[in-house]
Amino acid sequence: MVEQQEASEDAVMTRIGQAVMLLHGGDREEARNRFGLLWAELGADGDALHRCTLAHYMADTQDDPGDELAWDLRALTAAEGLSDERPAEHRDSLAVQAFYPSLHLNLAADYLKLQRPDAARIHLRQARDTADVLDDDGYGGGVRAAIERLELRMRGQ
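Rules and cut-offs
Residues numbered from 1 in each chain as written. Predicted model: local features only at pLDDT ≥ 70, side-chain atom pairs only at ≥ 80, totals over all residues. Heavy atoms only, no water. Helix = DSSP H or I, 4+ residues; strand = E, 2+ residues; numbered from the N terminus. Contact = heavy atoms within 4.5 Å. Core = buried A, V, L, I, M, F, W, Y, C linked by side-chain atoms within 4.5 Å. Buried < 20%, exposed > 50% of the residue type's maximum accessible area, 1.4 Å probe, protein only. Phe/Tyr/Trp six-rings, centres within 6.5 Å; stacked < 30°, edge-to-face > 60°. Lys NZ or Arg CZ within 6 Å of the ring centre and 35° of its normal. Expected span 1.5 Å × (residues − 1). Arc of directions from axis to C-beta. Salt bridge = Lys/Arg side-chain N within 4 Å of Asp/Glu carboxyl O.

Q: Got a minute to help me understand the environment of Arg-116 in this structure?
A: As for its placement among the helices and strands, Arg-116 is situated in the loop between α5 (91-113) and α6 (117-130). Setting aside chain neighbours within four positions, we find Arg-116 in contact with Leu-69 and Tyr-111.

What follows is the structure, given as structure tokens:
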């Protein structure tokens, strides 16, 4: 039973990954459609890691900054729910911890687009404060660099 559930969860992450590949390949509309179908399948009670991951990427498919913010907030809510849903020592909790800097960075950028600099500063600070969990790899370095770029951009305003 556990093996069947793990295989099912892997299938969800595989489908999310396929839609992310479409997104990175430039097909935002098809990625948005696939994310939307998968979101409907997961439902409000779906696995928090899946909802967090899916909402995080779904935000990148949005044309409207308000819609992008809504999806980024869903991702953050799902990430926060993961610690309630699963034991802290669970391997997926570590994956979500590494997501927080990016989640907060995206929220800061969303709020800046919506001309809400105070909210942007709050999330940018949270992104910086949580960045210590990132590895010194390409992903971690990229998120740290993006935090620095947004900080510079906000200082220039």
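Now, onward.
Q: Just checking my understanding: could you explain the nonpolar core for this structure?
A: Nonpolar side chains in soluble globular proteins tend to be buried together. In terms of nonpolar packing, the biggest core is built from 43 residues, with Phe-35 and Leu-103 touching the most fellow members. If you list the elements that add at least two residues to this core, you get α1 (2-24), α2 (28-42), α3 (48-59), α4 (65-85), α5, α6 and α7 (138-155). Sort the elements by how many residues they give to this core and α5 lands first, with 9 residues.

Q: Got a minute to help me understand the packing of aromatic side chains in this structure?
A: Scanning the model with the defined rule gives 1 aromatic pair in all. Pairing Trp-39 with Trp-71 gives two aromatic rings, centres 5.0 Å apart and planes at 85°, and the pair type is edge-to-face. Of this pair, Trp-39 sits in helix α2 while Trp-71 sits in helix α4, and the two are 32 residues apart along the sequence. By relative accessible area, which is 12% here, Trp-71 ends up buried. The side chain of Arg-74 reaches across the aromatic face of Trp-71, ending 4.2 Å from its centre.

Q: Would you take a moment to explain α6 for this structure?
A: For an α-helix, the turn length of 3.6 residues means that residues three or four places apart are oriented alike. Taking 1.5 Å per residue as the helical rise, α6 with its 14 residues ought to reach 20 Å, and the 20 Å between its terminal C-alpha atoms agrees with that figure. Along α6, the positions that sit buried rather than exposed are Ala-119, Ala-120, His-123, Leu-124 and Ala-127. Angular distribution of buried residues about the axis of α6 spans 135°; they occupy a single face of the element. Turned more than 90 degrees away from the buried face of α6 sit Asp-118 and Asp-129, all of them exposed.

Q: Quick question: what am I supposed to make of the pattern of salt bridges here?
A: Should their charged atoms come close, side chains of opposite charge can pair. Scanning all chains against the criterion turns up 8 salt bridges. The shortest N-O distance in the salt bridge between Arg-121 and Asp-118 comes to 2.9 Å. Of the two residues, Arg-121 and Asp-118 both sit in helix α6, 3 residues apart, roughly one turn of that helix. Residue Arg-121 is classed as partly exposed on the basis of its relative accessible area, which comes to 41%. If you follow the salt bridges from partner to partner, you end up with Arg-28, Arg-32 and Asp-63 in one network.

Q: Just to check I follow, could you spell out unusual backbone geometry for this structure?
A: Unlike most non-glycine residues, Gln-115 shows phi in positive territory, near 60°. With respect to the helices and strands, the residue Gln-115 is situated in the loop between α5 and α6. By relative accessible area, Gln-115 is classed as exposed at 70%.

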